[in-house]
Amino acid sequence: MLFCRGFAHKASSSEAKGNMEQTEHHTAAEGASTEEEWRKHHYAKLYRKFIGITLVCSLVPLLLVGWAINIHYTRFAKTRMTESFQTEMEYHKRIIELFLRERSARLQLIAQTHSKEHLADVGNLAHVFEVMNQEYGSLSDLGLISEKGGHLAYVGPYDLMDKNYSQTFWFKNVMESGIFISDMFMGFRKVPHFIIAVTRQEKGEKWILRATVDTEVFRSLVENVRIGKTGEVFVLNDEGIYQTSPRSTGKIMERAAMPLEPYHEGIKIQMVEPDEKNPGAKKEIVATAWFREPRWRLVVRQEYSEAYDEVNYANYATLIFLHLAALTILLVSILTTRHVVRVIKDRDAEADQLGRQLMEAGKMASLGELSAGVAHEINNPLAIILTERQILLDLLEQTMNLDEGFKKELTESLNQMDVQINRCKRITHNLLRFSRRTRSVIEKVDLNSFLEEVVELMEREARSSGIRFQTELDENLKPVLSDPSQLQQVFLNLITNAIDAHDGKPYGTVRISTQADDEHQKAHIVFADTGCGIPREILDKIFDPFFTTKAVGKGTGLGLSICYSIMQRLGGSISVKSQVGEGTEFTVTIPYQPSAQVQEGVTATARG
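Draft legend 1. Fine view of the pairing of strand β4 (residues 194-202). Here β4 lies mainly inside the structure; eight of its nine residues are buried. Of the pairings in the sheet, the one linking strand β3 (residues 179-181) to β4 comprises three bridges and is antiparallel in character. When the sheet's bridge partners are listed, I179 is paired in β4 with V198. Sheet analysis places β4 next to strand β5 (residues 205-213), joined by nine bridges and oriented antiparallel. When the sheet's bridge partners are listed, A197 is paired in β5 with R210. Remark: two residues form the turn of the hairpin made by β4 and β5, two consecutive strands paired antiparallel; K203 in that turn has positive phi of roughly 55°.

Draft legend 2. Structural detail: the sheet that holds strand β14 (residues 522-529). In spatial order, the strands read β11-β13-β14-β16-β15; together these five strands make up an open sheet with mixed pairing. A strand with exactly one partner marks an edge of an open sheet, and here the two such strands are β11 (467-472) and β15 (573-579). With strand direction ignored, the average angle separating the axes of adjacent strands in the sheet is 15°. Judged from the seven bridges that link them, β14 and strand β16 (residues 583-591) form a sheet pairing that is antiparallel. Within β16, the residue paired with F527 across the bridge is F586. The sheet contacts of helix α9 (residues 447-464) involve β11, β13 (508-517), β14 and β16, and relative to β11 the element is tilted by about 170°. Sheet strands touched by helix α10 (residues 484-500): β11, β13, β14, β15 and β16. Its angle to β14, the strand with the most contacts, is close to 25°.

Draft legend 3. Summary view of the side chain of S513. Mapped onto the secondary structure, S513 falls in strand β13. The exposure class of S513 is buried, given its relative accessible area of 10%. In this structure S513 touches E472, H524, I525 and V526, once residues within four positions along its chain are discounted.

Draft legend 4. Region of interest: the environment of A281. Tracing the chain through its elements places A281 in the loop between β7 (267-272) and β8 (284-290). Each C-alpha atom of the pair A281 and E303 lies 9.6 Å from the other, and the pair is 22 residues apart in sequence.

Draft legend 5. Region of the structure containing a nonpolar patch on the surface. On the surface, V56, V60, L64 and W67 cluster together into a nonpolar patch covering about 420 Å² of accessible area. Judged by relative accessible area, V60 falls into the partly exposed class, the value being 40%.

Draft legend 6. How the structure looks around the packing of α9 against α10. Following both chains from N to C, one finds α9 and α10 inclined at 40°, their axes separated by 10 Å at the closest point. Viewed along their axes, α9 and α10 adopt a mutual orientation that is oblique. Two packed elements cross with a definite hand, and for α9 against α10 that hand is right-handed. Here L447, F450, L451, V454, M458 and A462 of α9 come into contact with α10, specifically with P484, L487, Q488, F491, L492, I495, T496 and I499. Classifying every residue of the contact of α9 with α10 gives twelve nonpolar, two polar and no charged.

Criteria and cut-off values
Sequence order sets the numbering: in each chain, residues are counted from 1 along the sequence as written. Local features in a predicted model are, by the rule used here, given only for residues with pLDDT of at least 70; side-chain atom pairs are given and counted only at 80 or more, and totals for whole chains, interfaces and linings are based on all residues. Based on all heavy atoms of the structure, the side-chain values leave hydrogens and waters out of the count. Only protein chains enter the accessibility calculation, which uses a 1.4 Å probe; a residue whose area is less than 20% of its type maximum is buried, one above 50% is exposed, and one in between is partly exposed. Comment: elements are numbered from the N terminus, with helices defined as DSSP H or I runs of at least four residues and strands as E runs of at least two. In this analysis, strands are considered paired if DSSP registers two or more bridges between them. Helix axes use the C-alpha atoms of the stretch in contact, all axes being lines fitted to C-alpha atoms, and the angles between their N-to-C directions lie in the range 0 to 180 degrees. Throughout, a contact is declared for two residues whenever any of their heavy atoms are within 4.5 Å. Nonpolar side chains (Val, Leu, Ile, Met, Phe, Trp, Tyr) are joined into patches within 5 Å and like charges within 9 Å, using only residues with over 30% relative accessible area and no salt bridge. With residues, only the protein chains shown are counted as cover, and all accessible areas are computed by Shrake-Rupley using a 1.4 Å probe. One side-chain nitrogen of Lys or Arg within 4 Å of one carboxyl oxygen of Asp or Glu is enough to make a salt bridge. Roughly parallel refers to an angle under 35 degrees, roughly antiparallel to one over 145, roughly perpendicular to one between 65 and 115, and oblique to any angle outside these ranges. When the near helix sits turned anticlockwise from the far one by under a right angle, the crossing is termed left-handed; a clockwise turn instead gives a right-handed crossing. Following the grouping adopted for this structure description, the nonpolar residues are Ala, Val, Leu, Ile, Met, Phe, Trp, Tyr, Cys and Pro, the charged ones are Asp, Glu, Lys and Arg, and the polar ones are all others, Gly among them.

Printed below as a string of structure tokens:
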């Protein structure tokens, strides 16, 4: 009954322990998941912050500078275009004024230097007409008219000798002012034309010398001016009637759609928006200037988009440049930020790995101190037991009346006690040596003896799992110069992993062999197990920090990573071969003599 109670209590304790372990594993998994999610959130936040700061520090100045340059250049270009438009306007106005002034002055000169009788002779008038056309070539006819409005002489293609002009508008104006340049009108010839007329007072009576300007010559002077593809130049009178034909719409002598404008000095430039009644129209730049005599308005206009084509092109180029620059900055920011975040992740991983290594080193040091204390505490009772055994042997020899069978059995028991005491002494001796190796130092290490000690230390644990050790040690292997503390950590880790690889198997074998490589001055140690093996797809990841195939709570994923780092620091290497279902083989390579740099690194680590 007592046995049953004990068994039930033990089963209940085992079940409770299992539940506790499952709870701890679950809690550890949740903690690891929470920390991983926090790290992901932290890195994502860091990523966004870096990109935001980079974009603000790069894009904002770029956009401000681009905006300032664009505004400055747009103003400069518009000012230059307006000045160019104004210069063009002044040039055309000067040409037309010069054209009219020259013909008016020439006509006045002829009237002042020739008498009415001389000009009344058709031959003389024809000669004057021919000379004027040779110089200027812009008159279509020439006539001498009396103060009563009738022709005294006429040279030209029309039959106008019998026409009387006393009631015409131009006749009255020239008689009052002495010189007159008319607007375009039809007159007796029924074709658009304008005249220049001057008067002279001679012997108490006035007479008029009138010249008709060739309309085609004047129109070509004004209309043939080309300003881009959409630009045009034309002349309006003060009533808004076309004096020349525009290129786009309208004809000479028709009323222009442009609004009337009061007389003003200088040149007026304005932007004209499309009229709501004419939605197909486009925005235009319009320049106007008035002539004093005749009261004409010179108009130069061009589509706004063409006039400021260079400005628009510069704006488009600036926009394209800004977009490309912004896109480049964005791409560089993303790539740089990814690299920085990746470096931070790597540094955090290294820091975590170093922290884990420090924890492992602290555990090893604590374990070494604990082992030393335990060994000393055990050695004292063992020494007493050994002394008491010797006393019992002495008493047994002095006692004469004991049964021989009992005496023999007691002697064998005492001898067995001696064997077990010596075994305990070897174990405590190994623990003491283990505790002394927690400090990093470069010294000669006999790998064969060293491995035998490690195997002896791990043999009981292996036997309890049904694992058997096989050692194949090369007798010709020379001692190596290395750090026994770190080598012990590597060997213990590899043997522990080899034992754990047999989980689920009733038995197995761990083979440990050494081989001398005098040609390359190296020693090779092979740890081969008959465990479950490692899948090919994860074989390249087993040395990565935090990577483990063990269940939650049974491994940190740092053991092999630490082993790899240790062997790198010691100037050696570690490699792996594995076949799923057959087993895994780790090969540790150690140089006989590490480089001076490796020795200095180990010494510096020990000091730190």
